Amino acid sequence: MELKLHRPICFFDLETTGIDVARDRIVEISILKVFPNGNKESKTWLVNPERPIPAQSTAIHGITDEKVANEPTFKELAPLVYNMIKDSDLAGFNSDRFDIPLLAEELLRAGVDFEMGNRVSVDIQTIFHKKEERTLSAAYRFYCNETLENAHSASADTNATYEILKAQLDRYEDLDNDMKSLSEFTTRKKSVDFAGFIALNEEGKEIFTFGKHKGALVDEVLENEPGYYGWIQNADFPLYTKKVLTGLKLRKLNNKL
């Protein structure tokens, strides 16, 4: 089954120095852009993370310090990456919890004002876990009846993810071939920021999900304890979380005018 698209969608995968969204860096990024007319465009870049790649990470994806020593930094690649995804929805395998948050951090760090407000995301892993509970390699074998060669190669993982989604749509008649519907199906929780530090309660109002103000309305905390905003901005929180909180603070100030 081919995808029914109203706008392009970019399937992408990252290989990184680790799994900390706020601290780790991209060492490889692969993007497969699928257009509504069925055309495809793909790009893969090795990235110099400007820091040593831990041995445990190299053991997974095979990318060494020497391999990326002469490659561009993400800051240099950021305009190319953003230009490719700026008009597109996003999709990946575990992308809502890892790839999109880390990509957002890298783009913001590079001075690119990345937003998800005008796009949806589809996490193929969530569809798989809700239906079958497996890994990417098992998903590829289960849905496509093929063995995933070169697992943990960004390009191989990206193409496998694209093929899996099409096979999932063939298999599950209750899944709508529509990116907005698939995004809603793959959303695990109503997070406002990627990392889940700010979420929506049952009334659709923003709340903190951690620390001494866990469950408290963001607006009330900002009103009653203004220093909490400054503490978050100066602490080791993801850049996107800080950006979202700043937006909520500005909204509150504008509402008072």
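Not measured: the values here are computed from a predicted model.

Rules used throughout
- Residues numbered from 1 in each chain as written.
- Predicted model: local features only at pLDDT ≥ 70, side-chain atom pairs only at ≥ 80, totals over all residues.
- Heavy atoms only, no water.
- Helix = DSSP H or I, 4+ residues; strand = E, 2+ residues; numbered from the N terminus.
- Buried < 20%, exposed > 50% of the residue type's maximum accessible area, 1.4 Å probe, protein only.
- Lys, Arg positive; Asp, Glu negative; His and termini not counted.
- Salt bridge = Lys/Arg side-chain N within 4 Å of Asp/Glu carboxyl O.
- Contact = heavy atoms within 4.5 Å.
- Domains from an automatic or database assignment.
- Buried area = accessible area lost by both parts, 1.4 Å probe.
- Polar contact = N/O pair within 3.5 Å; in protein donor to acceptor, adjacent residues only side chain to side chain.
- Pairing = 2+ DSSP bridges.
- Axes fitted to C-alpha atoms, helices over the stretch in contact; angles between N-to-C directions.

Draft legend 1. Spatial organisation of the side chain of Asp-157. Among the secondary structure elements, Asp-157 is positioned in helix α7 (residues 154-171). The side chain of Asp-157 sits in the buried core without any salt bridge; Arg-141 is the nearest counter-charge, 12 Å away. If we ignore the near neighbours within four places in the chain, the residues touching Asp-157 are Asp-13, Glu-15, Leu-136, Leu-148, Asn-150, Ala-151 and His-152.

Draft legend 2. Representation of the environment of Glu-202 within the structure. Within the secondary structure, Glu-202 sits in the loop between β6 (198-200) and β7 (206-208). For Glu-202, a relative accessible area of 80% translates into the label exposed.

Draft legend 3. Spotlight on the domain arrangement of the protein. For the protein, the domain assignment lists domain 1 (9-128), domain 2 (136-186) and domain 3 (198-255). Computed from C-alpha atoms alone, the centre-to-centre distance between domain 1 and domain 2 is 18 Å. Taken together, the 25 residues of domain 1 in the interface contact 23 residues of domain 2. When domain 1 packs against domain 2, close to 2,100 Å² is buried across both sides, 71% of that on carbon and sulfur atoms. Here domain 1 is connected to domain 2 by four residue pairs in polar contact (both at pLDDT 80 or more). Of all the elements, strand β1 (residues 9-16) adds the most residues to the side of domain 1 that touches domain 2, at five residues.

Draft legend 4. Expanded view of the sheet that holds β1. Pairing in this open sheet of five strands is mixed, and the strands run β3-β2-β1-β4-β5 from one edge to the other. Each having just a single partner strand, β3 (40-46) and β5 (121-123) make up the two edges of the open sheet. Strand-to-strand twist of the sheet, defined as the mean angle between neighbouring strand axes without regard to direction, takes the value 20°. Bridging between β1 and strand β4 (residues 89-92) involves three bridges; their strand directions are parallel. Bridge pairing in β4 links Cys-10 to Leu-90. Running over the sheet, helix α3 (residues 74-85) touches β1, β2 (26-34), β3 and β4 and is turned about 165° from β3. Each of β1, β4 and β5 touches helix α8 (residues 179-186); the most contacted strand, β5, lies at about 55° to it.

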